[in-house]
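Here is what each chain is made of, one letter per residue.
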Amino acid sequence: MSNRLEPEPIPRRDFLGMASMWSAGIAVLGSAIGMARLAKPSVLPEASKRFRVGKVSEFKPGIVKVIAEQNVRVVCSSQGVAAMSLICTHLGCVVDKTEAGFKCPCHGSIFDETGKVLGGPAPRGLLWLSVSLAADGSLVVDKGKEVPEGQFFEIT
Ligand code: FES
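Since we're looking at a predicted model, the values are computed, not measured. Every chain begins its residue count from 1, and numbering advances along the sequence as written. It should be noted that, the model being predicted, local features are given only for residues of pLDDT at least 70 and side-chain atom pairs only at 80 or more, the latter also being counted only at that level, while totals for whole chains, interfaces and linings use all residues. To get the side-chain values, all heavy atoms of the structure are used, and hydrogens and water are removed first.

Student: How should the pattern of salt bridges be read in this particular structure?
Tutor: Take a side-chain nitrogen of Lys or Arg and a carboxyl oxygen of Asp or Glu: if they are within 4 Å of each other, that pair is a salt bridge. Counted under the stated rule, the structure contains 7 salt bridges. Where K49 meets E46, a salt bridge forms, and the shortest distance between an N and an O atom there is 3.6 Å. Only protein chains enter the area calculation, which uses a 1.4 Å probe; residues under 20% of their type maximum are buried, those over 50% are exposed, and those in between are partly exposed. By relative accessible area, which is 41% here, K49 ends up partly exposed. A salt bridge links R73 to E113, with the nearest nitrogen and oxygen atoms 3.1 Å apart. In this pair, R73 sits in strand β3 (residues 72–77) while E113 sits in the loop between β7 (110–112) and β8 (117–119), placing the two residues 40 residues apart along the sequence. Assessed through its relative accessible area of 9%, R73 is described here as buried. By the criteria applied, helices consist of DSSP H or I runs no shorter than four residues and strands consist of E runs no shorter than two, each listed in order from the N terminus.

Take a look at the structure:
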């Protein structure tokens with residue numbers, strides 16, 4: 001007679017049958033979870049780093065356009081159009097415009113009008129970014145593509 005302290009032993013056949021049922025159940029459950037996860041991409045596409053800043057005809061020498069949502073400053077001179085990042089190269093704060101250039105509000109790095117470091121902890125100047133012309137006549141800035149300081153995109 002069995003009780004809670006001395007349960008009857010399970011026959012080997014019953015134990016193996018239950019074990020195989022549990023194994024099959026776990027395999028089916030694991031497969032179902034895997035199939036459900038397939039529908040959702042595990043790598044999400046990154047937002048494009050390229051964006052339009054306006055028609056090329058809008059850019060005349062002396063025009064300065066700040067694209068605040070992208071933290072980019074676009075300048076047009078007689079040399080062409082250039083884009084400069086407004087992200088501090090120290091720890092990534094957005095720099096503020098000053099009379100002589102830019103100043104980082106976080107740790108005080110100072111940059112001149114062309115982004116050169118004049119003081120502070122920033123290890124290098126503000127990044128100059130690639131500017132190109134799209135087929136529709138818009139100028140496109142690519143935040144993922146750095147160009148040498150002083151490189152302007154010629155517009156004719
Ligand atoms: S983040 Fe600009 S100086 Fe530190």
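Now that the structure has been shown, we can carry on.
Student: Explain the pairing of strand β4 (residues 80–85) to me, please; I cannot follow it from the model alone.
Tutor: Where a strand is regular, its side chains alternate between the two sheet faces. Within β4, 6 of the 6 residues are buried, which leaves it mostly tucked inside the rest of the structure. Where β3 meets β4, 6 bridges bridge the pair, whose relative direction is antiparallel. Its bridge partner being in β4, V74 is matched across the sheet by A83. Only strands joined by at least two bridges in the DSSP assignment are considered to pair. Here β3 folds back onto β4, and the loop between the two strands holds 2 residues. As judged from the 2 bridges shared by β4 and strand β9 (residues 128–133), these two strands associate in the antiparallel manner. Across the sheet, the residue bridging to M84 is W128, located in β9.

Student: Just to check I follow, could you spell out the packing of aromatic side chains for this structure?
Tutor: Remark: the centre distance and the inter-plane angle together describe each pair of aromatic rings, the angle taken between the planes. Two aromatic rings, drawn from Phe, Tyr or Trp (for Trp, its six-membered ring), form a pair once their centres lie within 6.5 Å of each other, and the interplanar angle then sorts them: stacked below 30 degrees, edge-to-face above 60, tilted otherwise. Evaluation of the coordinates by the stated rule reveals 1 aromatic pair. Considering the side-chain rings of W128 and F152, the 5.6 Å spacing of their centres and the 80° angle between planes classify their relative orientation as edge-to-face. Separated by 24 residues along the polypeptide, W128 in strand β9 and F152 in the segment after β10 (138–147) bring together distant segments of the chain. Given the relative accessible area of 7%, W128 is considered buried. Lying across the ring of F102, K97 places its NZ or CZ 4.9 Å from the centre. By the criterion adopted, a ring carries a charge over it if an Arg CZ or a Lys NZ lies within 6 Å of its centre and within 35 degrees of its normal.

Student: Where do I start with the state of the cysteines in this structure?
Tutor: Two cysteines form a disulfide when their sulfur atoms are joined by a covalent bond. The rule for a disulfide is simple: a pair of cysteine sulfur atoms within 2.5 Å. The full count for this structure, using the stated rule, is 1 disulfide. Covalently, C93 is tied to C106 through a disulfide, its sulfur atoms 1.8 Å apart. For the disulfide bridge between C93 and C106, the dihedral angle about the S-S bond is near -95°, and by the sign convention the bridge is left-handed. Here C93 is found in the loop between β4 and β5 (96–97), whereas its partner C106 is found in the loop between β6 (101–103) and β7, with 13 residues between them in sequence. For C93, a relative accessible area of 18% corresponds to the buried category.

Student: Is there a simple way to explain the side chain of S85 in this structure?
Tutor: Here S85 is to be found in strand β4. Assessed through its relative accessible area of 9%, S85 is described here as buried. Polar contacts, as used here, are pairs of N or O atoms within 3.5 Å; protein pairs need one atom able to donate a hydrogen and one able to accept it. Residues neighboring in sequence count only if both atoms are side-chain atoms. A distance of 3.1 Å separates a polar side-chain atom of S85 from the backbone nitrogen of I87. Contact between two residues is taken to exist if any of their heavy atoms lie within 4.5 Å; hydrogens are not considered. Beyond its immediate sequence surroundings of up to four residues, S85 is in contact with N71, L126, L127 and L129.

Student: What is the right way to read the sheet that holds β8 from this model?
Tutor: Strand pairs in the sheet, formed through backbone hydrogen bonds, run parallel or antiparallel to each other. Pairing within the open sheet is antiparallel, and its 4 strands lie in the order β5-β6-β7-β8. Two strands lie at the open edges of the sheet, namely β5 and β8, each paired on one side alone.

Keep in mind these numbers describe shape, not what the thing actually does.
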